[in-house]
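# Chain and residue survey
Residue strings, one per chain:
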Amino acid sequence: MRHRHLSTLALALGIAILLDVLRVWLPSIITLFGQAAETPAELLGAFALGWFLLALAAPTLVRRIGAGPVGLVAAGVLAVARLALTAQPGGPAQLWLACAGLLAGLVWLAAVAASVPRPVAGLALGLAGNAVGHALLGTEDLVWRGGVLAWSLSALLVLAFLAASVAVRRERTAAPVRGDAARTAVPAADVADGDAGRRVPTSGRRAWLLCGPALLLAGQVALAPALWSAAAGTGSPDFPGLARAGNGALPGALAVLLFLAAALFRAPARVARVLWPLALLTGSVLFVTGLLVPAYLLTAAGLGGCLALTDTTDDGRAGARRGWAAVLGMLVFAVATVAYYAAYDLGYPNGWAPVATAVLVALVAATAPLRPGPTPSGAASAGPALPATVRVAALAGLTALAGLAAVLHVPPAQARATTTPAAVRVAAYNIRMGFGLDGRLDVDAVARELRGADVVLLSEVDRGWWLNGGHDTLALVAARLGMPYVFAPAADPVWGDAVLSRFPMRSGQTRRLTAHGAPTGAQALGVTLDLGGRELAVVATHLQPPPGRDPVEQAGEVAAFAGRYANGRPLVLGGDLNTEPDDPAFAEFTRSGLVDALAAARPLRTSPADDPRTQIDHVFVSPGLTATEVRAPRTEASDHLPVTLTVTLP
């Protein structure tokens, strides 16, 4: 394999591994360093950004020591950290391993940027390959799975990356110097490998600058399998504004196809300069407005096309400048990520963050030179990254694998109505996006606490937050329980509440709650269950109190909504209500005529899970329903305990 192809392969594998580490590092910042929202948001953001600021020293390190030695050492640390995370250490060990892997990945990027002038093919294949792997795994990464399969595939990925990196370094070091042009003196900043007398190609700064923004837009929107899944199952007239169990892998395969086709095959430059930035900007705006399917399709095409526009050569002291471009681009990634998700703690509008990132990418791409510049003599790595046959094969193969995910992950089917049961087993659980107190994503532990329930009311359901690693936790839990679901967005289109049921769900309705000063959005989800000739109304919610206040206003809104929605039918209402039995918000539910279903078991403390002190997770029922077998089983699968009970119908 020629040098430029090895460089592309090594870059693609490294990007995939770096994304794996990011999928652990991001939620570790929240669940471990953030201590379940106990750490001030400002301190949490400073800690996260600090690692990217520290990486700004990487280009200087590369310049003084050489891209080859620095890159190999950083690649080794990145690989070891990625493999160590497969051991699922949890706790502080997981946090610091992920931090070490992230910093090593940033240094590695700076070193690779100093010697790879045209990274677009490697970046595109790395982004698409990681997304396809994420889809094939059902959005539950290998690092969270463990077992023989996870270790085998992780080791194979890491070894392939290290082997490609070593091969690139050896081939670059052994490459003969040819002709007078190759011996021409170059500025010190251009001698990225520390090899005096070798001319390093001067190019690629724009593409490397877009590396970080591309990682964000791909992980949050364009190439996010959890978002593909969350966007599926919407549009039913009986469930307006809600998502039901659906399979988004086939539309997701189209997103992969559009992204790779635009990135690997250059459109006419003058058309592309308008078409791709416009598609990217439109997709980012649609994502903010909640139109998810056109959002990720347009963003995928636009992002790939904008990367292709930067696949050019330009003049300048490129070795050092490419390294600076790479780390500055990753700093943009960090700032935009922190800015978007900090809004849910600090309470400001955050839709501008992905749009501003898309604007940056569009501007850099639209102002790129229309044609590649000249290739310096002897600089083989500045040529086309991959021949057309390889690009076609990669596009077809990755698209087909993305489509295969649709076959591997079929959502649970809707149940059929049977005879009317005498009682219904109900569970209400704030699952904290599937992360336990040890900071690990453990969907199996969540599912164990819910097995045996006929109806499940979930709070803090994550269906693709990049901050949490981009998992569709709802689909993962539903698959383990074999239960279809209805999902209602609250904070944004992929974070909210859900109802799962073994009984047919005939219709649903959601009502967005007034914030009343709370930074995070809230809603009330009503679902009608068919119990074989009788109907049961179920309402799931998660009240978000303003800082230092009881959520009394939201409680009144939910109680009124539930009464209207039930319309005389038996009713079960529950969730994380963030209020104690003696508080005014709790009284809003009893004042509306609902009955505290957990009264016989009081005090029933549910939070925090490792030392329950507060009673904030509740279930209410309409008069005539009887609650028995009330429990709050001890578990650390979330920061709350689940509440389970049996509701007997009159």
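Residues numbered from 1 in each chain as written. Predicted model: local features only at pLDDT ≥ 70, side-chain atom pairs only at ≥ 80, totals over all residues. Heavy atoms only, no water.

## Focus: the side chain of His-542
Position of His-542 among the secondary structure elements: in strand E8 (residues 535-542). Residue classification places His-542 among the buried residues on the basis of a relative accessible area of 3%. Polar contacts involving the side chain of His-542 include one to the side chain of Gln-544, which spans 3.3 Å. At 3.0 Å, the side chain of His-542 forms a polar contact with the side chain of Asp-576. (Helix = DSSP H or I, 4+ residues; strand = E, 2+ residues; numbered from the N terminus. Buried < 20%, exposed > 50% of the residue type's maximum accessible area, 1.4 Å probe, protein only. Polar contact = N/O pair within 3.5 Å; in protein donor to acceptor, adjacent residues only side chain to side chain.)

## Describing the packing of aromatic side chains
The full count for this structure, using the stated rule, is 18 aromatic pairs. Between Phe-47 and Trp-51, the aromatic rings sit 6.0 Å apart at their centres with planes inclined by 80°, giving edge-to-face as the arrangement. Highlighted residues: Phe-47 and Trp-51, both in helix H2 (residues 41-54), separated by 4 residues, approximately one helical turn. Just as Phe-47 is buried, Trp-51 falls in that class too. An aromatic cluster is present here, built from Tyr-340, Tyr-341, Tyr-344, Trp-465 and Trp-495 joined pairwise through their rings. (Phe/Tyr/Trp six-rings, centres within 6.5 Å; stacked < 30°, edge-to-face > 60°.)

## Points about the packing of helix H3 (residues 58-65) against helix H5 (residues 91-115)
The N-to-C vectors of H3 and H5 enclose an angle of 50°; their axes lie 9 Å apart at closest approach. In terms of orientation, H3 and H5 fall into the oblique class. Of the two possible hands of crossing, H3 and H5 adopt the one that is right-handed. Within the contact between the two elements, H3 uses Ala-58, Pro-59 and Val-62 and H5 uses Val-107, Ala-110, Ala-111 and Ala-114. Of the residues in the contact of H3 with H5, the class split is 7 nonpolar, no polar and no charged. (Axes fitted to C-alpha atoms, helices over the stretch in contact; angles between N-to-C directions. Parallel < 35°, antiparallel > 145°, perpendicular 65-115°, else oblique. Left-handed = near helix turned anticlockwise from the far one by under 90°. Contact = heavy atoms within 4.5 Å. Nonpolar A, V, L, I, M, F, W, Y, C, P; charged D, E, K, R; others polar.)

## Comments concerning the layout of surface pockets
In this model, the second largest pocket occupies a volume close to 790 Å³. Around the second largest pocket sit 29 residues that line it, and Leu-13, Ala-16, Gly-129, Asn-130 and Leu-157 are the ones nearest its centre. When contributions to the lining of the second largest pocket are tallied by element, the ones reaching two or more residues are helix H1 (3-33), helix H6 (120-136), helix H8 (147-174) and helix H18 (388-408). (1 Å grid on protein atoms, 1.4 Å probe; cavity = no way out; pocket = protein on both sides within 12 Å on 5 of 7 lines; lining within 4 Å. Points joined across faces, edges and corners; volume = space filled by probe spheres on them.)

## Overview of the sheet that holds strand E9 (residues 571-576)
Spatial strand order, E6-E7-E8-E9-E11-E10: 6 strands in an open sheet with mixed pairing. A single partner strand is all that each edge strand has here, and the edge strands are strand E6 (505-512) and strand E10 (595-596). (Pairing = 2+ DSSP bridges.)

## Focus: unusual backbone geometry
Geometrically, the link from Arg-602 to Pro-603 is a cis peptide bond, its omega value of -5° lying close to zero. Assignment of secondary structure puts Pro-603 in the loop between E10 and strand E11 (617-621). At the junction of Ser-607 and Pro-608, the peptide bond is cis and its omega measures out at -5° in the coordinates. Summarising the element assignment, Pro-608 is placed in the loop between E10 and E11. Despite not being glycine, His-516 has its phi angle at roughly 55°, a positive value. If you trace the backbone, His-516 turns up in the loop between E6 and strand E7 (523-530). Its identity is not glycine, yet Asn-578 carries a phi of approximately 50°, on the positive side.

## Let's talk about the packing of H2 against H5
The N-to-C vectors of H2 and H5 enclose an angle of 35°; their axes lie 9 Å apart at closest approach. As H2 packs across H5, the resulting crossing turns out to be right-handed. Facing H2, whose interface residues are Phe-47, Trp-51, Phe-52 and Leu-54, H5 presents Leu-95, Trp-96, Cys-99, Leu-102, Leu-103 and Leu-106. Across the contact of H2 with H5, the residue classes tally to 10 nonpolar, no polar and no charged.

## Concerning the environment of Leu-43
Relative to the helices and strands, Leu-43 is located in helix H2. Judged by its relative accessible area of 47%, Leu-43 falls in the partly exposed class.

This is a description of form; function is not addressed.
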